[in-house]
Amino acid sequence: QVQLVESGGGLVQAGGSLKISCVTPKHTASWYTMGWFRQAPGNERDFVAEISWMNSKTYYADSVQGRFTISRDDPKNTVYLQMNNLTPEDTAVYFCAADRSPAPIKGATKYEYWGRGTQVTVSS
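Quick notes on the rules
- Residues numbered from 1 in each chain as written.
- Predicted model: local features only at pLDDT ≥ 70, side-chain atom pairs only at ≥ 80, totals over all residues.
- Heavy atoms only, no water.
- Salt bridge = Lys/Arg side-chain N within 4 Å of Asp/Glu carboxyl O.
- Helix = DSSP H or I, 4+ residues; strand = E, 2+ residues; numbered from the N terminus.
- Buried < 20%, exposed > 50% of the residue type's maximum accessible area, 1.4 Å probe, protein only.
- Polar contact = N/O pair within 3.5 Å; in protein donor to acceptor, adjacent residues only side chain to side chain.
- Pairing = 2+ DSSP bridges.

**So, the pattern of salt bridges**
- For the structure on display, the rule yields three salt bridges.
- With a closest N to O distance of 2.8 Å, Asp90 and Arg67 form a salt bridge. Highlighted residues: Asp90 in the loop between strand 8 (78-83) and strand 9 (92-99) and Arg67 in the loop between strand 6 (58-60) and strand 7 (68-73), separated in sequence by 23 residues. Judged on exposure class, the residue Asp90 and its partner Arg67 are both buried.
- The salt bridge involving Arg72 is made with Asp74; its shortest N-O contact spans 3.3 Å.
- Among the ionic contacts, a cluster of salt bridges with common partners joins Arg38, Arg67 and Asp90.

**Considerations on unusual backbone geometry**
- Across the junction of Ala103 and Pro104, the peptide omega takes the value 5°, indicating a cis bond.
- Its identity is not glycine, yet Asn77 carries a phi of approximately 55°, on the positive side.
- By secondary structure assignment, the location of Asn77 is in the loop between strand 7 and strand 8.
- The backbone phi angle of Lys106 is positive, close to 70°, even though this residue is not glycine.
- Along the chain, Lys106 turns up in the loop between strand 9 and strand 10 (113-114).

**Comments concerning the side chain of Thr118**
- Relative to the helices and strands, Thr118 resides in strand 11 (residues 118-123).
- Engagement of the side chain of Thr118 in a polar contact is seen with the backbone nitrogen of Gly9, the distance being 3.1 Å.

**Comments concerning the pairing of strand 7**
- One ladder, built from six bridges, connects strand 7 with strand 8; its direction is antiparallel. From the neighbouring strand, Thr69 faces strand 8, where its bridge partner is Gln82.
- Here strand 7 hands over to strand 8 after four residues, with Asn77 in that stretch at a positive phi of 55°.

Structure follows, in structure tokens:
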């Protein structure tokens, strides 16, 4: 069982930045494709970003390209999402996900393991 735990969410003003984390079991981030998704009330769970375990190549949704950065720290077994220039449209619960399939995956239905999510709220 791959258990993922997100943290770092909170309230931030528009234009601000926030960095959220996903702690994985030992070595998980080194052998799984890791992804970030988000879901606002009444909406689908949308792809945000993912990173390959093989070569660290990253993929982003068009809506966050250039503003968000996904990264991993293998010794800490942690995946991060750095979010810059936030807008109220970024308000959502952010979920960490993992899958053994090679990247790109992107689709939420293709990911096997999920965290419980962390709330990110951007005020205007």
